[in-house]
Each structure stands twice: as structure tokens, then as C-alpha cells.
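Single-letter residue listing:
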Amino acid sequence: MARTLLQVRDLKIGATVYPPGEDPFDIEIVKGIDFDLEKGKVIGLIGESGAGKSTIGLAALAYGRGGVRITGGSVLLDGKDILRYTPAGIREVRGRHVCYVAQSAAAAFNPAIRLGDQVIEATLLHSIMGKSEAVERAKYLFGVLGLPEPETFGDRFPHQVSGGQLQRAMTAMALCPHPELIVFDEPTTALDVTTQIDVLAAIKNAIEETETAAIYITHDLAVVAQISDDIMVLRYGETVEYGPVEQIVEAPKEQYTRDLISIRSDIKPEAPDQSGALLRLEHIDASYGEGAQVLFDVSMHLPHGQTLAVVGESGSGKSTTARVITGLLPPSNGQVIFDGQPLPPALKDRSKEQLRELQMIYQMADVAMNPRQTVQEIIGRPLTFYYGLKGEARRRRVTELLDLIEMGDPFADRYPAELSGGQKQRVCIARSLAAKPRLLICDEPTSALDPLVAEGILKLLLELQEETGVSYLFITHDIATVRAISDSIAVMYMGRVVRFGPKSKVLNAPFDDYTDLLLKSVPEMEIGWLEKALASRKMAAAGN
Amino acid sequence: MSLFVFGYFALLIAGSSLAAYYERRDVFGVLFTVTLASLIFGLIWGQTAFWAVTIIAIMLAAAGGLGYSFRAYMVMLLPDKAARFMKSAPVTASFGLLVIIITLLLAIFADLVAPFGERAIVGDVWQAAGTACSGRNPFGQVIDGECLLGTDNLGRDMLSRLIYGAQTTISVAAAAGVLSFAIGMFLSFTAAAVGGWVDQVLSRINDLMLAIPTLIFALVVLAALPQNVYILVAVMATIDQTRVFRLGRAVAIDIAVQDFVEAARLRGEGWFWIIFREILPNVLTPLIAEFGLRFAFAILFLSSLSFLGLGIQPPEADWGGMVKDNKDGIIFLVPAALYAGAAIATLAVCVNMVVDWLLNRTASLKGGRG
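Below or above, wherever it landed, is the structure these notes cover. For every chain, the first residue of the written sequence is number 1, and numbering continues from 1 onward in sequence order. Written order decides the labels, with chains lettered from A and ligands numbered from 1. Only residues with pLDDT of at least 70 get local features here, since the model is predicted, and only at 80 or more are side-chain atom pairs given and counted; chain-wide, interface and lining totals rely on the full set of residues.

1. Observations regarding the nonpolar core
Thought 1: Of all hydrophobic cores here, the largest spans 146 residues; its most connected members are Ala 430 and Leu 473 of chain A together with Met 236, Ala 252, Ile 279 and Ala 340 of chain B.
Thought 2: Here the element with the most residues in this core is helix H7 (residues 158-194) of chain B; it accounts for 16 residues.
Thought 3: Setting aside anything within four residues of it in sequence, one finds Ala 430 of chain A in contact with Ile 379, Leu 401, Leu 402, Leu 404 and Ile 405 of chain A.
Thought 4: Counting residues in each nonpolar core, the second largest holds 81 residues, with Leu 11, Val 119, Leu 141 and Ala 206 of chain A among its members. Put simply, a nonpolar core is buried Ala, Val, Leu, Ile, Met, Phe, Trp, Tyr and Cys residues tied into one set by C-beta atoms within 7 Å. With C-beta atoms placed from the backbone, a residue counts as buried when 20 or more other C-beta atoms lie within 10 Å of its own, as exposed when 12 or fewer do, and as partly exposed for counts between those limits. A run of DSSP states H or I qualifies as a helix once it reaches four residues; a run of E qualifies as a strand once it reaches two. Both are numbered from the N-terminal end. Contact definition: two residues whose C-beta atoms, as placed from backbone geometry, lie within 7 Å.

2. Topic: the sheet that holds strand S12 (residues 293-302) of chain A
Residues and elements named next belong to chain A.
Thought 1: For two strands to count as paired, DSSP must find a minimum of two bridges between them. Spatially, 4 strands are ordered S12-S11-S14-S15 in an open sheet, and the strand pairing comes out antiparallel. Strand pairing shows two members of the sheet lacking a second neighbour, S12 and strand S15 (341-342), which therefore form its edges.
Thought 2: With 6 bridges connecting them, strand S11 (residues 279-287) and S12 associate as antiparallel partners. When the bridges of S12 are listed, Arg 280 appears paired with His 301.
Thought 3: This element, helix H13 (residues 318-326), spans S11, S12 and strand S14 (333-338) of the sheet and lies at about 70 degrees to S12. Orientation is described by axes fitted as lines to C-alpha atoms, over the contacting stretch for helices, and by angles from 0 to 180 degrees between their N-to-C directions.

3. Remarks on the sheet that holds strand S4 (residues 68-77) of chain A
Residue and element names in this part refer to chain A.
Thought 1: Spatial ordering of the open sheet is given by S2-S1-S4-S5, a layout of 4 strands whose pairing is antiparallel. Bordering the open sheet on either side are strand S2 (25-38) and strand S5 (80-81), each of which pairs with just one other strand.
Thought 2: One ladder, built from 11 bridges, connects strand S1 (residues 4-17) with S2; its direction is antiparallel. Counterpart to Gly 14 in the pairing with S2 is Glu 28.

4. So, the packing of helix H8 (residues 196-211) of chain B against helix H10 (residues 229-256) of chain B
All names here are of chain B.
Thought 1: Packing of H8 against H10 leaves a shortest axis separation of 10 Å and a crossing angle of 135 degrees. As far as their axial angle goes, H10 and H8 are oblique. In this structure, H8 crosses over H10, and the sense of that crossing is left-handed. The segment H8 lies against H10, with Ser 203, Asn 206, Met 209 and Leu 210 engaging Thr 242, Phe 245, Arg 246 and Arg 249.
Thought 2: Following the grouping adopted for this structure description, the nonpolar residues are Ala, Val, Leu, Ile, Met, Phe, Trp, Tyr, Cys and Pro, the charged ones are Asp, Glu, Lys and Arg, and the polar ones are all others, Gly among them. A class-by-class count of the residues in the contact of H8 with H10 yields 3 nonpolar, 3 polar and 2 charged. The cut-offs work like this: below 35 degrees is roughly parallel, past 145 is roughly antiparallel, 65 to 115 is roughly perpendicular, and the gaps in between are oblique. By definition, any crossing whose near helix is turned counterclockwise from its far helix by less than a right angle is left-handed, and any crossing with a clockwise turn is right-handed.

5. Some thoughts on the environment of Leu 305 of chain B
Residue and element names in this part refer to chain B.
Thought 1: Tracing the sequence through the fold places Leu 305 in helix H12 (residues 271-307).
Thought 2: By the C-beta count within 10 Å, which is 23 here, Leu 305 ends up buried.
Thought 3: Put simply, Leu 305 and Met 236 are 69 residues apart on the chain and 9.9 Å apart in space, counted from C-alpha to C-alpha.
Thought 4: Non-local contacts of Leu 305, meaning those with residues more than four positions away in its chain, are made with Ala 218, Leu 310 and Gly 311.

6. Structural notes on the packing of helix H2 (residues 25-45) of chain B against helix H3 (residues 47-77) of chain B
Residues and elements named next belong to chain B.
Thought 1: Where H2 contacts H3, the two axes come as close as 7 Å, and the packing angle between them is 140 degrees. Comparing the axis directions of H2 and H3 gives the class oblique. Contact with H2, carried on its side by Val 34, Ser 38, Phe 41, Gly 42 and Trp 45, involves Thr 48, Ala 49, Phe 50 and Val 53 of H3 and no other residues of that element.

Just distances and angles here, no functional claims.
Next up, the structure:
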């Protein structure tokens with residue numbers, strides 16, 4: 001039997017909240033968590049935002065972020081309670097025995113120092129090995145993690161490498177001092193799927209190679225199923241379910257876990273008739289300023305009352321396409337045809353009626369609403385602006401819209417900061433519906449949300465489509481979402497449409513190379529998927 | 001060694017030990033610094049230094065107590081909603097508010113409060129504080145009385161002139177401040193929201209004005225134009241708005257690229273709505289802070305202009321002018337100039353203490369009106 005490395009017992013973490021104008025009060029963020037971690041094993045912590053998973057992960061370093069206090073329980077590392085250590089003692093533990101990989105590597109690296117120096121910094125600080133030895137180890141780790149040119153990779157600055165490479169460099173930094181435990185805090189959440197699979201494989205490989213134990217924090221069950229031995233499902237700071245990965249994925253006991261697993265399994269059938277178009281893009285070219293061209297000959301169309309999903313990685317031109325349609329970026333070539341009429345290319349030339357028929361929902365609901373306006377003002381403004389509603393009539397319509405998005409009247413006088421992420425997005429939807437548009441452009445409306453909340457938003461959008469007959473242009477990078485809600489799909493890559501057609505055609509063979517790669521990179525809720533996906537990739541590479 | 005010195009050090013050391021024991025770092029830091037500083041200054045100046053520290057401490061404690069009680073009083077008197085707002089005021093802000101209210105009341109009711117007239121000669125030049133003098137009161141009657149703060153360089157009552165000076169100084173500085181903010185904010189938001197060549201033209205003109213030293217600019221313009229208080233306010237506002245413009249544009253440009261402004265543009269909103277309803281509420285925080293600072297600068301700028309003879313014209317009283325008139329007295333140990341200087345400093349500090357509190361309010365994410 002392997003040695004137990006980390007024992008967490010009845011861990012309680014709290015914080016004090018200071019609401020303006022009221023007396024401060026204490027809240028409990030983590031309410032008594034227990035788990036064990038053996039040497040060389042990986043435990044996955046999974047839950048929605050606010051579940052306390054990052055807080056628990058940092059507690060393994062005896063660290064509380066931004067006013068968070070560890071209020072009770074014990075964290076035994078090798079049998080010693082690190083919560084009782086002195087500040088000097090805990091410094092010996094951090095960076096030597098326990099290391100941390102942050103979610104956003106781009107923000108966590110110092111942009112002014114070369115990667116190699118940052119990777120070996122903790123190792124040198126703790127005098128674990130000499131400089132030349134540390135540099136050799138860093139190069140070895142760069143190799144293990146599959147980074148290009150391991151010999152010279154360390155000479156680069158953070159801005160000279162891609163996001164996925166930076167995330168792997170951060171993993172190398174954590175692995176460098178031979179730690180016994182690494183805490184991964186959502187290391188792949190900010191990455192594209194095609195990059196995510198590389199980073200996942202690299203991390204898994206490195207953990208196996210170095211026999212390090214790890215705590216892997218994520219909100220994506222499919223990801224954690226690939227990498228961990230045990231999974232703990234968290235909600236509101238409490239354990240929902242804790243067990244080996246096979247049991248959690250194949251035979252979950254709790255309803256909440258089952259909900260997480262079955263997410264987006266119901267799929268909307270595609271509309272049979274896809275002729276006739278509400279929106280049609282014809283050979284659009286676009287560029288920012290005098291600079292590089294971003295869109296090349298983009299054509300697609302969207303029938304009445306249906307959903308067109310635009311899929312692609314970041315930088316593929318999805319959002320630029322939306323900007324062209326809304327008139328924020330007039331195209332240099334081609335035209336946008338709305339309901340048979342060409343739309344004026346620039347926003348300022350469009351009529352109020354044209355603007356009303358075309359509304360937009362943003363990815364970040366919290367910056368898409370003025371933080372100084374109440375929900376009532378936010379939803380009410382389009383009513384006044386387009387329909388001249390005032391006073392009681394406007395108030396009634398706002399209540400109707402709030403009911404439509406399943407929130408209700410009590411929310412009318414709240415400010416955006418007083419809403420949850422899902423509620424914010426619902427208010428944004430209500431604001432756009434207030435204009436009674438015919439086309440709604442949804443720019444990644446669910447990608448900043450937790451899976452269950454996102455599920456709720458998607459359901460709401462589908463219901464609204466049935467009720468009002470509005471068409472959606474749905475921009476996303478998430479294939480599961482596309483599969484669930486679209487009628488037709490446009491796959492974009494490097495500013496071009498590489499594949500366009502009805503859902504059944506686009507998602508089934510024969511594939512072009514890029515769509516094939518994209519589809520195969522989407523993690524599936526199946527143990528051993530990662531190995532299979534990599535194997536099929538290698539075979540394809542060997543075949544070429 | 002007197003009993004006072006023993007008591008003084010015993011209190012300080014006991015206080016710092018207690019603070020250290022209860023881990024109140026801030027209190028400990030202050031107390032122990034004072035202890036060490038007293039040791040050093042005590043060696044140089046003897047017991048006087050300890051008395052000075054004691055008196056300052058008592059005055060600060062009195063100010064704190066006054067602020068605390070004033071807040072409690074306001075909470076008791078005001079209606080429910082305003083009381084909740086007042087409750088969030090720190091002691092400093094509450095004290096600042098009290099001083100501002102008192103100053104405003106004094107300025108408004110100057111004729112009733114001032115013992116002598118603004119221009120009345122009531123005694124000899126630079127009489128000491130508390131000496132007897134006689135002259136016309138604000139209603140023209142000749143009365144005998146006492147000059148509480150002594151007389152100025154022409155033998156006028158210092159206290160009465162301070163009270164009348166509050167009238168001119170506050171009204172001119174406030175008018176110039178408000179006007180400069182109105183102009184600066186409107187122009188800067190237009191530049192930030194509209195962008196393009198409008199931004200270029202406005203920003204370059206602003207740069208041009210910034211390139212000319214303020215005082216020289218004001219001197220040339222004021223010398224050319226007729227001398228009255230409206231022109232003075234307008235010139236001060238025009239010069240000051242360049243600073244407001246720079247700050248306003250910088251903060252507004254951050255807001256103007258946010259999604260909610262884009263959403264408003266996509267809705268087809270006009271510039272007026274975007275500037276005043278979308279951008280303005282979100283940039284108030286830094287601008288209010290700037291206003292507190294600018295108000296203090298406006299008082300000082302007004303004093304410099306008065307000093308050069310282009311600001312408030314004598315015999316009308318204003319604080320900056322009074323500092324200038326009485327500055328020569330300082331070499332003869334006449335503190336008259338210092339009273340006016342203290343008045344400027346107190347008002348500036350108090351305004352900023354209140355502004356700090358308002359800042360915390362508007363910075364809150366609850367829409368700042370909670």
C-alpha cells in the first residue's frame with residue numbers, strides 16, 4: 001500500500017464580508033472537507049464557481065487568498081500539520097514540497113523575465129540544486145512536456161510563446177524542484193480545445209514520469225475524468241460525492257453529480273427545411289485599420305427562426321464576423337443581406353428599425369450592463385427607445401420580460417453586481433428581447449458560466465426561439481453546445497469558413513482536416529478517452 | 001524632571017505596550033513613533049516639546065470626538081434613508097462636514113456674525129490678539145470691543161475679515177471649480193465617446209493650453225479683460241478645465257470601450273445618452289476625488305492672483321489676499337498671516353476628508369446609491 005502524502009481533515013475556511021453601510025459579518029466558504037491523497041496519485045476537485053475548490057487547493061499550501069482565513073481543521077503533509085507552521089516554516093514547504101499552477105499562466109508569469117529563469121527560481125531559492133543542474137532539469141522537463149526546442153525554450157520571454165506553451169512552462173516550473181504535491185488550478189480552462197488536449201497529455205505524462213501527487217481543480221468533469229484517480233464533487237463548500245473516478249463517472253450516487261454528467265445530452269433536432277435566408281453574408285472580407293486582413297471571403301446564411309452556430313478557436317474570426325454583421329466593422333468587400341435587403345455596412349447609416357431587428361448578447365454579461373443602472377433601467381431602456389413606453393406601461397412590460405426569463409419582478413430594482421453570473425446573462429437576454437428583434441447574435445453567451453447554469457441559459461434560448469420565432473447566430477468554441485442547439489454550422493479557421501452546412505452534414509464524415517482535429521479534441525466523459533484520442537492522432541500523423 | 005514629564009512618558013509607553021499586546025499595529029506604530037520622537041525633541045527643546053505634543057493630541061482627540069458626536073447627532077436628526085447614508089461616514093468625514101457647514105454658515109451670515117465691518121479700521125496696525133479696539137460694526141454703528149485675533153496690516157479686525165473672506169474665497173473657488181468641471185467633463189467625454197478627429201482636435205487644443213504656464217496665461221488674459229469677479233471665475237475655470245479634461249478623457253476612454261457602451265451604440269443611442277447616462281455615472285469616482293483636490297488648488301490659485309493684484313480687488317477680503325497683506329508681519333512675530341493660511345488649509349483638508357468618504361460610496365459596486 002502506498003504511503004499517504006496529504007491528509008485533509010475537517011478543513012474549514014471562512015472570510016469576512018464588508019458590505020458598504022452595513023456591519024461586517026463572517027461567512028463560511030468551506031464547511032469541513034476531508035480527503036486523502038497518496039503519493040503519485042491525482043485527486044480531482046470539481047464544482048461550479050463558488051464551490052470553494054480553488055480555496056481548498058490553496059489550503060494545501062496553507063495559503064488563504066485575499067482575506068480568506070483557514071478557520072479550522074488540519075492539513076497533514078507527510079503527517080505534519082502545515083497549518084500550525086510558522087511563516088518561516090511554511091515558506092520552506094511552499095515551492096519545495098508543494099507547488100502551484102495557476103489558471104491564467106499569462107497573468108502569472110513576470111513579462112520582463114525570461115521563462116527559464118522563472119522556471120528555476122523556486123528551485124534555486126530553496127537551494128534544492130545548483131544552477132547548472134536546475135537548468136538541465138528545466139530542459140528535461142520542457143522535453144517531457146513536449147515544448148518546442150527544449151534546449152533554448154527557456155531563453156524566451158513569456159510573450160514570445162503561445163498560451164498553451166505558457167501553461168506547460170508553468171507546469172515545468174511547478175515540477176522543477178521535485179515537489180511531492182502539485183496543485184493545478186484550472187490549468188486548461190482558458191485554452192482552446194485543440195490546445196487543451198496537448199496540455200492535458202503533457203501534464204498527465206509529466207505526473208506519471210515524476211511520480212508526483214497532484215490536486216487537479218476544474219469545472220469540467222470530462223477533463224478531470226482523464227487525469228485523476230479520485231474525484232471529489234463540491235458544492236457550496238461541502239462535499240457532494242467523493243470516490244474513485246470509475247465510480248463517479250459510471251455510477252454516480254448523487255443527483256447533482258448525475259446532472260453534471262448528463263449535461264447537454266439532449267439534442268435539438270435540426271430543422272429540415274433550410275432554404276430561404278433571414279441573414280446572408282456574401283463574400284465578406286474585413287480587416288482592422290490598415291493592418292492585417294482578418295476575414296477572407298466569408299459566406300454563410302441563416303434561415304428564418306433557426307440557429308446558425310459559428311465555431312472556431314480564438315483568433316479564428318468568429319467575433320469579427322459578428323462585428324461586421326452589426327456594423328461596428330464595415331467590411332472591405334462583400335455585403336450583409338438582411339431579409340432580402342442589403343444592410344448599410346456602417347452602423348451610423350442604419351435606420352432605427354434595422355438596428356432594432358438585430359440585437360446582440362455578449363460573452364461577459366457583467367461588462368455588457370452598465371453597473372450603475374438597475375435591472376429595471378437596463379431592460380426598460382430599449383422599450384422607451386424603440387417603442388416609446390413610459391411609466392406604468394414600461395414597468396409592466398419589464399415585469400413581463402423578467403417573467404419570460406424566469407426571474408420575476410423582485411429583481412427589477414437590483415443592480416447588476418447583486419446578480420449571479422447566470423442571472424446577469426438572463427437580464428442581457430431580456431434586454432435584447434425587449435427590442436423584439438428578428439435576429440439575435442449570441443457571442444459566446446455561455447462560455448463564462450458554470451455548466452449547469454449554461455445549460456439553463458441554453459434551454460431558455462431554445463424556449464424563447466419557439467415562442468417568438470427569433471433566429472440565432474450563435475458564436476461559440478464549444479462543440480457540445482453546437483451539437484445541442486444548432487440547425488446549421490459554420491466552422492471557421494484563420495478567418496475563413498472551412499466548412500458550412502446543416503448540422504448533420506458538418507458533424508459527420510467525411511471531414512476536412514481541421515474539423516476532424518476539432519471534433520477529436522473535445523473531451524468526452526469516458527475514462528481512457530485521452531489515450532485513445534492521442535493514439536488516433538499519432539496514427540493519423542504516421543499515415544501522412 | 002517634573003511630574004508632567006514622568007506622566008507623559010508613562011502614558012505613552014503603557015499605551016504602546018498595550019497596543020502591541022493586542023496586536024493593533026497602526027495604534028502601536030503611532031504611539032511608539034511619538035514616544036521616540038519625544039525623547040529626541042525633548043532633549044533639544046525640553047519640556048515645551050512635550051506640551052506641544054500633548055496639546056496637538058488633545059486637539060486631535062477633540063476633533064475626533066466632535067466628528068463622532070456630530071455623526072451620531074445627524075443620524076438621530078435625519079430621516080431614515082439619509083441617516084443610513086450618514087452612518088457610513090468615517091469620523092474624519094463627519095468632522096470635515098461639520099467644519100464645512102460651520103464655515104458656510106459663517107460666510108452666509110457674515111453680517112450678523114462679524115463683530116466689525118469688513119473695511120472698518122478698528123485699531124492700530126497688527127494689534128495683538130484679544131486687545132481692545134473700537135470701530136464700526138457691519139451696520140455702521142461705532143462700538144467698543146475686543147479684537148479676538150488682533151488686527152491686520154491696516155488696523156482692521158482680523159476675525160471679521162476672515163469671516164468676510166470666507167464669503168469671497170469659497171464662492172469664487174467653488175464657482176470656478178464647478179464651472180471647470182462642467183466644461184472639462186463635457187469636452188473630455190465627447191472626445192472619448194466620439195473619438196476620431198473630434199478627439200484629436202479637442203486633445204491637441206488642450207495640449208496647446210497646457211503648454212502655456214497657467215499663471216502667465218491668467219495674467220495676460222486678466223490684464224486684457226475688464227476686472228470683475230465673473231471674468232475672474234471664467235478665466236480660472238478655463239485654465240483649470242485642461243486638467244479635468246486630461247483626467248476625464250483618460251477614465252472615460254476606458255469605459256467607452258466596454259461592452260455596455262457598445263450595446264448602447266448598437267441600440268442606436270445618441271451621443272448625449274451615451275455620455276451622460278452610460279459613461280458619466282461610471283467615471284464619477286475619480287472625478288469627485290479630483291474635485292476635492294482642484295477646489296483646494298482653486299483657493300491657492302485665487303490667492304496667487306490676488307497677490308499679483310489681478311484677483312479679488314482690495315479692500316474686499318479674501319483669504320489668499322490676507323496672507324499676502326500680512327506676510328511681512330511674520331518677521332515681527334505677528335501671526336496674522338498664519339490665521340488666514342490656517343483657514344485655507346483647514347477648509348482644503350476638510351473638503352478632502354468629505355470627498356474621500358463620498359469616494360468610498362461611489363466606488364461601491366451596488367450602483368453607488370444604495
